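Now for the letters of each chain:
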Amino acid sequence: MKYLYLLSLIFIQPLFAQQVTIKGKVTDSDHNPIPYVTVSVKNKTNGTATDINGDYEITFQSTNNPIIVFSAIGYQTTSRAISTSSSKNLDIIMQADLEQLDEIVITSNRTRETLDQVPSSVSVISGKEIQKLARTSNAMADVLMEVPGLALGTNQTSSVGQTLRGRNMLVLIDGIPQSTPLRKGSRDINTADPSTIERIEVIKGATAIYGNGSDGGIVNYITKKPKEGIKIESNTTLSAEGGLVAINNTIGAKLVQTFSGTINKLSYVASGGFRQTGVYKDANGTVISPYYGLGETSQYSALGKISYNITNRQSLAVMYNYFSSRQDSDYLAQVGVYGESPTIGVLGEEPGEDQGNRYNHNVQLTYDFEKIYPNTYFRLNLYFQDFKTIYGFTDSFYDPNLGFSGGQSLIASTKKGARFNFKTRYNFGAVQGDLLYGLDALNDKTSQSLVDGRPWVPQLDMRNFAPYAQLKAIYANIVLKGGIRFENIKIDIPDYTTLTRYSPGATEPNSGGIAIKGGGLNYNASTFNLGLRYNKWSTFKPFVSFSQSFSVADLGRILRSATENTVAQINSEAVIANNYEIGFNSRIGKTQLAGAYYISTSDLGSTYLETESGAFEILRQPEKVYGFELSLNTELLRNLDFGTSVSYTEGKIDTNGDDAYDQYIGSDRIPPVKTVTYLSYNLKEKFDIRLAHIYSGSRKQFEADGQGDYTYGQGPVDDFNIVNLTAHYQLSPSTALGVGVKNLLNTDYYNLISQWSARDSNYIKANGAQFNVSLSVNL
């Protein structure tokens, strides 16, 4: 009888379990619907998510009073106990989690998640922070200057040397690659205007989540989106800038107009901007060299974004972003002497075309389908980029046979890509999470030629197909993430002849003129990542991670200086970088701490070495890059915040293959130690002022040769200090005044690239004190 009773409990009792259906709407405190809220039953595997209108319905078996749990990124988790009944309506209002809203990350896993779910180092620059930093400089390179682990900018159109943790980084705009890794042009950072950017996410360490070229990490510019509940909003910003020393002809201006809003199922953003910079001068009032400079430049930017909710579960969005810069200078470079006198600008006309990023078009179509099948979200992302940049005139392209006194190079790149992403949520009792999987396809065509038509790097035609999968599991306070990506790359290279090079004034060539038979290069690799984070204590949340990246190390540079007669003989193996990291995040009252230590290794290197002829070759020896980052942010007094960070990076090459790592990597890759310290005062959103100090240390790891000269990248780097000031005053609810001063103390110094490049032509001083005043009207 006892056994019959037990069998009845097992098989008969479930027949009497009640079928319960709960449905309702989830909104925020302003009664706006919240889409994609996870709705689950505590201690059960049942789960669903709200649709685009915030509606949900969940059905489950229950014999007890169940607890319904509502959770969403950026909101406080809400639970409701309900009485058992066959059907019930339950509407929920979720409160925003203000701390979590500043910690949402999209780039790391292509989907919304908080920093507590990311077992790696991430820096996020919010829209408010971008506005503050842009008051001292409208260049994206300067907006990024305070990010721990990121080298300081160059004050030029080129971003050479602005590495992330000592390695190359992949720059994105809404996930669209801006970098040109096939022929690294170093003009990917200043490819957007800060006025079009809502937030910037910096994912540090090797990663393959977005494909080729992210050995040091990813920088993703996320463009603006409209506010919910406003049919039309207009923002007009007019600003003026200039030098505080010898102010004549330094004045520039900028105008930006933005419209945005939401009308029923349609939301939109439309923005256009124009900026004209004046002459740039150093701390002594001397015009700095315009070569690769940002002075006397016209910049145009545009952003258009439309999103439409097709149904409660489907939406379609289209984005277009445009950026262009063109320098038209009344000055030309008067070359100085490295280590003695700077290269300056003197009146004159530079031959050739205006240099700069001639155009950068980005188009993206995104289709979202919530619950394309049970518990699964689908996103289709199609994108296109068309990019062209022109460099300055140089006599190194002198060719007496063709009658050229010199020339200018240009890089042209077009990318067409598609991403098919699926995200399936799961809930197995106490373990929940999601599986992200899909396929990336990319066609990248990149070439480098001279403006006069001479080919330099043939058009490289890369086709990349990469399936991937990423699993996230959350159990209690433990977050485990792991993934794999399969790279399948083929690059077609046509037959070509290397550019014939002459020394200026010579009649006999010193290099080039070699006919190279083209062919195809295949790269197949699997990259992995694995990370673990423990979130039990807010005072100490440690993480540990391993990740890999895949990159074809500047194939164009290898090809343009090739001496073999077939592509098959060229050493062009891809670089697999391995990133090992341990770190933590901490919150103690109103104080936030974060720290990380990392080691990045690769069996093949990507360090440039300048040869006696002035050409560059890529060293392929094993590399090891290591360092640490620490940051602190706290509230000293009411309305008074303090923050500081320190970044240290070092790197070495194993020249003999004996694991000794006996030679330092050049400063074109490895920046000196950097510290950032700030004080910020904010009075009820009415007035704020921020004072920041940036210290760049010295790095002197190399010796001069017998003539006292240094090789490119090995020049000694001296330390310097910069102080920047920004202020903002709300004149009325709709009108605000902004003021910024860059290099407040008018420090006389040389930028990093001027020091480590060890070249007379690059020995250029930094800007002296500069001001920026803006008036913004929001209607």
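The following paragraphs examine the structure supplied in this document.

Rules of the game
- Residues numbered from 1 in each chain as written.
- Predicted model: local features only at pLDDT ≥ 70, side-chain atom pairs only at ≥ 80, totals over all residues.
- Heavy atoms only, no water.
- Helix = DSSP H or I, 4+ residues; strand = E, 2+ residues; numbered from the N terminus.
- Rg over C-alpha atoms; globule rule 2.2 N^0.38 Å.
- Buried < 20%, exposed > 50% of the residue type's maximum accessible area, 1.4 Å probe, protein only.
- Salt bridge = Lys/Arg side-chain N within 4 Å of Asp/Glu carboxyl O.
- Core = buried A, V, L, I, M, F, W, Y, C linked by side-chain atoms within 4.5 Å.
- Phe/Tyr/Trp six-rings, centres within 6.5 Å; stacked < 30°, edge-to-face > 60°.
- Lys NZ or Arg CZ within 6 Å of the ring centre and 35° of its normal.
- Pairing = 2+ DSSP bridges.

1. Remarks on the overall build of the protein chain
Phase 1: Each helix and strand counted, the protein chain has six helices and 44 strands in total.
Phase 2: Over its C-alpha atoms the protein chain spans a radius of gyration of 28 Å, differing by no more than 12% from the 28 Å that the globule rule assigns to 779 residues.
Phase 3: Judged by the C-alpha coordinates and their principal axes, the protein chain covers about 105 × 65 × 45 Å.
Phase 4: Burial analysis of the protein chain (779 residues in total) assigns 54% to the buried set.

2. A look at the pattern of salt bridges
Phase 1: Evaluated as defined, the whole model comprises 28 salt bridges.
Phase 2: A salt bridge links Asp 174 to Lys 305; the shortest N-O distance between them is 4.0 Å. Note that Asp 174 is positioned in the loop between β12 (169-173) and β13 (176-177) and Lys 305 in strand β19 (residues 297-309), a separation of 131 residues in sequence. Assigned by exposure class, Asp 174 and Lys 305 land together as buried.
Phase 3: Among the ionic pairs, Asp 492 bridges to Arg 463, the shortest N-O distance being 3.0 Å. With Asp 492 in strand β28 (residues 478-493) and Arg 463 in strand β27 (residues 455-475), this pair connects stretches of sequence that are 29 residues apart.

3. Observations concerning the nonpolar core
Phase 1: Core analysis: the largest hydrophobic core is formed by 24 residues, its most contacted members being Leu 460, Ile 491, Ile 493, Tyr 523, Phe 550 and Leu 555.
Phase 2: Of all the elements in the fold, those that place two or more residues in this core are β27, β28, β31 (519-534) and α5 (555-560).
Phase 3: Within the second largest apolar cluster, 20 residues are counted, among which are Met 140, Leu 150, Ile 197 and Ile 200.

4. Overview of unusual backbone geometry
Phase 1: A positive phi angle, close to 60°, is found at Tyr 292, a residue other than glycine.
Phase 2: Checked against the element boundaries, Tyr 292 lands in the loop between β18 (266-276) and β19.
Phase 3: One non-glycine residue, Asn 639, lies in positive phi territory at about 75°.
Phase 4: A residue is classified by how much of its surface remains accessible, and Asn 639, at 26% relative accessible area, is partly exposed.

5. Some remarks on the packing of aromatic side chains
Working definition: an aromatic ring pair is given by the centre-to-centre distance plus the angle between the planes.
Phase 1: Under the counting rule described, the total for this entry stands at 21 aromatic pairs.
Phase 2: Note on Tyr 373 and Phe 422: the rings are 6.4 Å apart at their centroids and 25° apart in plane angle, and the pair reads as stacked. One end of the pair, Tyr 373, is in strand β23 (residues 356-373); the other, Phe 422, is in strand β25 (residues 409-428), and 49 residues separate them in sequence.
Phase 3: Put simply, the rings of Tyr 367, Phe 369, Tyr 373, Phe 378, Phe 422 and Tyr 437 pair up and form one aromatic cluster.
Phase 4: Its guanidinium or amino end placed over the ring of Tyr 292, Arg 187 lies 5.2 Å from that ring's centre, counting from NZ or CZ.
Phase 5: Looking at Arg 187, its charged tip hangs above the ring of Tyr 391, at a distance of 4.2 Å from the centre.

6. Digging into the pairing of β12
Phase 1: Burial runs high along β12: five of the five residues are buried.
Phase 2: Two strands pair when backbone bridges link them, and β12 and strand β15 (residues 217-223) are joined in this way by five bridges, in the parallel orientation. Paired with Leu 170 across the two strands is Ile 218, which belongs to β15.
Phase 3: Pairing of β12 with β13 involves two bridges; the strand directions are antiparallel. Its bridge partner being in β13, Ile 173 is matched across the sheet by Ile 176.
Phase 4: Taken together, β12 and the strand that follows it, β13, pair antiparallel across an intervening segment of two residues, in which Asp 174 is found at a positive phi of about 50°.

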